[in-house]
Amino acid sequence: MTEKTQSYTQEKVGCYRFLAEPFHCDFKSELTMGHLGNTLLNAADFHSHDRGFGMIYLNSIHKTWVLSRLCIELERMPKAFEAFHVETWVENAMRFFTNRNFSIIDEDGHAFGYGRSVWAMIDTDTRQPQNLFEVHDGRLQDYIEADKPCPIEKGSRVKLPTDAQWLRTIDTHYNDVDMNGHINSIKYIEHVVDLWPIEWHRQYRIKRFETAYVAEAHPGDQLHFYCTESQPGDFGIRITRTVPGQSRDEEVEVCRCRIVAERSVGE
């Protein structure tokens, strides 16, 4: 369930109210990381739609937004049935990329999480990057809010050693594919979280999740997951793809992630 807190059509910062619905929560009665990621992306689309840059308009001119990076850092995760708000704003914009931030706020106004993201606009026919300032005569610049703080670090460049451990290979199916015809960006997050068993999630919580998207994967591709732990609780994950029957020597990197985990309260 989602509702706009109020109309922000002419404002730079948008604020949207959400509910942590129980069927989007895990065995700890907490919203899953995948559903939180989807919530942030929904807020981003509401915000851009209100200002004339949403997916519906862009699709009508054969363009779309593509998520390049997403970083989420949390003090805690929303609980089942808990209402919360997501604020979102554009921090800056360049010719081909824009930086969008998020704050996640409880009903008392306390921010318990933040997010940073990087987006590109592409042509849906050619898949080539598009100049952001050619849409609506560059009106995107009118909505840049450079002064609102987002007190978390930007996503780091995840560097993995060549001997990172292979953990899993999975097939991709119908539910992995988004409306652009490639593997949904949030599905990578869900698959990465699944690399650890329930018992691990019982003892630890994910404090920070960074994702950098390198290339597209497509329906039917196989995804291969590699992991290294640079220090206790700090994991780097590399995801590659192959088509069925293709040699593992021909793997193409599609995504890199970093997870920072800490002991759950009471453990």
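Just so it is clear, the model here is predicted, and its values are computed rather than measured.

**Student:** What exactly am I supposed to notice about the layout of surface pockets here?
**Tutor:** When its volume is computed, the largest pocket comes out at roughly 1,000 Å³. Forming the walls of the largest pocket are 40 residues, and the residues nearest its centre are Trp65, Val66, Leu67, Trp119 and Asn180. Put simply, the parts of the chain that give the lining of the largest pocket at least two residues each are helix H1 (33–50), strand S3 (63–74), strand S5 (97–106), strand S6 (111–123) and helix H3 (185–193). If one sorts the elements of the lining of the largest pocket by residue count, H1 sits on top with 7 residues.

**Student:** In this structure, what is going on with the packing of H1 against H3? I would like to understand it.
**Tutor:** Angle between the axes and distance between the axes: these two values describe a pair of packed helices. Remark: H1 packs on H3, axes separated minimally by 8 Å, with the N-to-C direction vectors making an angle of 160°. Taken together, H1 and H3 sit at an angle that is classed as roughly antiparallel. Two packed elements cross with a definite hand, and for H1 against H3 that hand is right-handed. The residues of H3 that touch H1, namely those facing Met33, Gly34, Gly37, Asn38 and Leu41, are Ser185, Ile186, Ile189, Glu190 and Val193. Broken down by class, the residue content of the contact of H1 with H3 amounts to 5 nonpolar, 4 polar and 1 charged.

**Student:** I keep staring at the pairing of strand S9 (residues 222–231) and nothing clicks. Help me out?
**Tutor:** Remember that side chains alternate between the two faces of the sheet whenever the strand is regular. Examined bridge by bridge, strand S7 (residues 165–171) and S9 share 6 bridges and lie antiparallel to one another. Bridge pairing in S9 places tryptophan 166 opposite tyrosine 226. As paired elements, S9 and strand S10 (residues 234–242) share 9 bridges and run antiparallel to each other. Among the inter-strand pairings, cysteine 227 is bridged to a residue of S10, identified as isoleucine 237. Counting the residues in the hairpin turn of S9 and S10 gives 2 residues, including glycine 233, whose phi is positive at 85°.

**Student:** I would appreciate a short explanation of the pairing of S6 in the present structure.
**Tutor:** When you tally the buried positions in S6, you get 12 out of 13 residues, the bulk of the element. Sheet analysis places S3 next to S6, joined by 11 bridges and oriented antiparallel. Residue isoleucine 72 lies in a different strand from S6, and its bridge partner there is glycine 115. Judged from the 9 bridges that link them, S5 and S6 form a sheet pairing that is antiparallel. The residue of S6 that forms the bridge with isoleucine 105 is alanine 111. The hairpin formed by S5 and S6 contains 4 residues between the paired strands, and glycine 109 there has a positive phi angle of roughly 90°.

**Student:** What should I look at first to understand the packing of aromatic side chains in this one?
**Tutor:** The geometry of two aromatic rings is summed up by the distance between their centres and the angle between their planes. Within this structure, the stated rule accounts for 8 aromatic pairs. Ring geometry for tyrosine 16 versus phenylalanine 46: centroids 5.5 Å apart, planes at 55°, classification tilted. Of this pair, tyrosine 16 sits in strand S2 (residues 14–19) while phenylalanine 46 sits in helix H1, placing them 30 residues apart in sequence. Under the relative-accessibility criterion, phenylalanine 46 is labelled partly exposed at 26%. Geometrically, the ring pair formed by tryptophan 200 and phenylalanine 235 is edge-to-face, given 6.2 Å between the ring centres and 75° between the ring planes. Of this pair, tryptophan 200 sits in helix H4 (residues 198–203) while phenylalanine 235 sits in strand S10, and the two are 35 residues apart along the sequence.

Parameters and conventions
- Residues numbered from 1 in each chain as written.
- Predicted model: local features only at pLDDT ≥ 70, side-chain atom pairs only at ≥ 80, totals over all residues.
- Heavy atoms only, no water.
- 1 Å grid on protein atoms, 1.4 Å probe; cavity = no way out; pocket = protein on both sides within 12 Å on 5 of 7 lines; lining within 4 Å.
- Points joined across faces, edges and corners; volume = space filled by probe spheres on them.
- Helix = DSSP H or I, 4+ residues; strand = E, 2+ residues; numbered from the N terminus.
- Axes fitted to C-alpha atoms, helices over the stretch in contact; angles between N-to-C directions.
- Parallel < 35°, antiparallel > 145°, perpendicular 65-115°, else oblique.
- Left-handed = near helix turned anticlockwise from the far one by under 90°.
- Contact = heavy atoms within 4.5 Å.
- Nonpolar A, V, L, I, M, F, W, Y, C, P; charged D, E, K, R; others polar.
- Pairing = 2+ DSSP bridges.
- Buried < 20%, exposed > 50% of the residue type's maximum accessible area, 1.4 Å probe, protein only.
- Phe/Tyr/Trp six-rings, centres within 6.5 Å; stacked < 30°, edge-to-face > 60°.

Limitation: the analysis is restricted to geometry and does not speak to function.
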